[in-house]
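Working through the structure, step by step
Each chain, written out:
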Amino acid sequence: MGASPFPAPPDGRMQVTTTDTGDAIAEAVRAVERLRQSESRLARRRQNACGPSENARAAMRYILECTDEGESVTPTGIAQHLGVSTASVTGMLDRLHAGGLVAFTSNPTDRRSKYVVPFDRDIDLTDVDPLSARIREFAGELSPAEAEHVAQFLDRVREAVDQECA
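Below or above, wherever it landed, is the structure these notes cover. Just so it is clear, the model here is predicted, and its values are computed rather than measured. Each chain has its residues counted from 1, following the order in which its sequence is written. In keeping with the model being predicted, local features are shown solely for residues with a pLDDT of at least 70 and side-chain atom pairs are shown and tallied solely at 80 or more, while totals for entire chains, interfaces and linings include all residues. Here the side-chain values reflect all heavy atoms present in the structure, with hydrogen atoms and water set aside.

Our focus in this paragraph is the packing of aromatic side chains. Ring pairs shown here join Phe, Tyr and Trp side chains whose ring centres sit within 6.5 Å, with only the six-membered ring taken for Trp; geometry is labelled stacked below 30 degrees between planes, edge-to-face above 60, and tilted in between. Tallying each qualifying case throughout the model produces 0 aromatic pairs. Only lysine NZ and arginine CZ atoms are considered, and such an atom sits over a ring when it is within 6 Å of the ring centre and within 35 degrees of the ring normal. Positioned above the aromatic ring of Phe-104, the side-chain terminus of Lys-114 is 4.2 Å from the ring centre.

Following both chains from N to C, one finds helix H2 (residues 54-68) and helix H4 (residues 86-98) inclined at 75°, their axes separated by 10 Å at the closest point. As far as their axial angle goes, H4 and H2 are roughly perpendicular. Contacts between H2 and H4 involve Asn-55, Ala-56, Ala-59, Met-60 and Ile-63 from the first element and Met-92, Leu-93 and Leu-96 from the second. Grouping the amino acids of the contact of H2 with H4 by side-chain chemistry returns 7 nonpolar, 1 polar and no charged. For helices, the axis comes from a line fit to the C-alpha atoms of the stretch in contact; other axes are also lines fit to C-alpha atoms, and the angle between any two N-to-C directions lies between 0 and 180 degrees. In this description a helix means any DSSP run of H or I spanning at least four residues, a strand means any run of E spanning at least two, and both kinds are numbered starting from the N terminus. Should an angle lie under 35 degrees it is considered roughly parallel, over 145 roughly antiparallel, and from 65 to 115 roughly perpendicular; all remaining angles are considered oblique. Should any heavy atoms of two residues lie within 4.5 Å, those residues are considered in contact. Side-chain classes are defined by residue name, with Ala, Val, Leu, Ile, Met, Phe, Trp, Tyr, Cys and Pro counting as nonpolar, Asp, Glu, Lys and Arg as charged, and the others, Gly among them, as polar.

The biggest cluster of nonpolar side chains holds 18 residues, and the ones touching the most others in it are Ile-63, Val-73, Ile-78, Met-92, Leu-93, Leu-96 and Val-116. Contributions of two or more residues to this core are made by H2, helix H3 (75-82) and H4. When residues in this core are grouped by element, the largest group, 8 residues, is from H2. In this structure, Val-73 is in contact with Tyr-62, Ile-63, Cys-66, Ile-78, Lys-114, Tyr-115 and Val-116, ignoring residues within four places of it in sequence. For our purposes a nonpolar core is just a set of buried Ala, Val, Leu, Ile, Met, Phe, Trp, Tyr and Cys residues, chained together by side-chain atoms within 4.5 Å. Here the term buried applies to any residue with accessible area under 20% of the maximum for its type, exposed to any over 50%, and partly exposed to those in between, with areas from a 1.4 Å probe on protein chains only.

One side-chain nitrogen of Lys or Arg within 4 Å of one carboxyl oxygen of Asp or Glu is enough to make a salt bridge. If you walk through the whole model with that rule in mind, you get 7 salt bridges. A salt bridge links Arg-34 to Glu-27; the shortest N-O distance between them is 2.9 Å. Residue class for Glu-27 comes out buried when judged on its relative accessible area of 12%. Asp-162 is the partner of Arg-158 in a salt bridge, and the nearest nitrogen-oxygen pair spans 3.3 Å. A residue pair is termed a helical-turn pair when its members lie 3 or 4 positions apart in one helix, as Arg-158 and Asp-162 do in helix H7 (residues 144-163) at 4 residues. Ionic contacts of the salt-bridge type, sharing partners, join the residues Asp-155, Arg-158, Glu-159 and Asp-162 into one network.

Next comes the structure, spelled out in structure tokens:
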């Protein structure tokens, strides 16, 4: 029996020690289901008391990415990117502003509109989402070929999730 090429996490639950393709596939499916359940639990915890919401973190990533590309960001653009109402974005941006993460500037071509800019452009995304730093650390333990296979697999899972009930 061959060992999995992926390092076992501290709890050892994901390590596959079989060369039986059926067992390995079943374990991959179970691992994805455990991940989905864990993400659901995390989302519920974050709603209650664990820092910025998932949408707020996604908005910050979007704001930083657009800023890096020299694009202006509006609250409406954020709402469209996240697929949520502008009203919910307004409240979220107010909380991000109060937390010192974003600022607002006037749109020089439309005085009714404003741009959202990162308050501190040197902000480390791991401060906004420390889980990403841990995931990056785990990914760094993979060989380039392993990382490519994992990324392809997870992209296909993400596509299936995005298509569900769409």
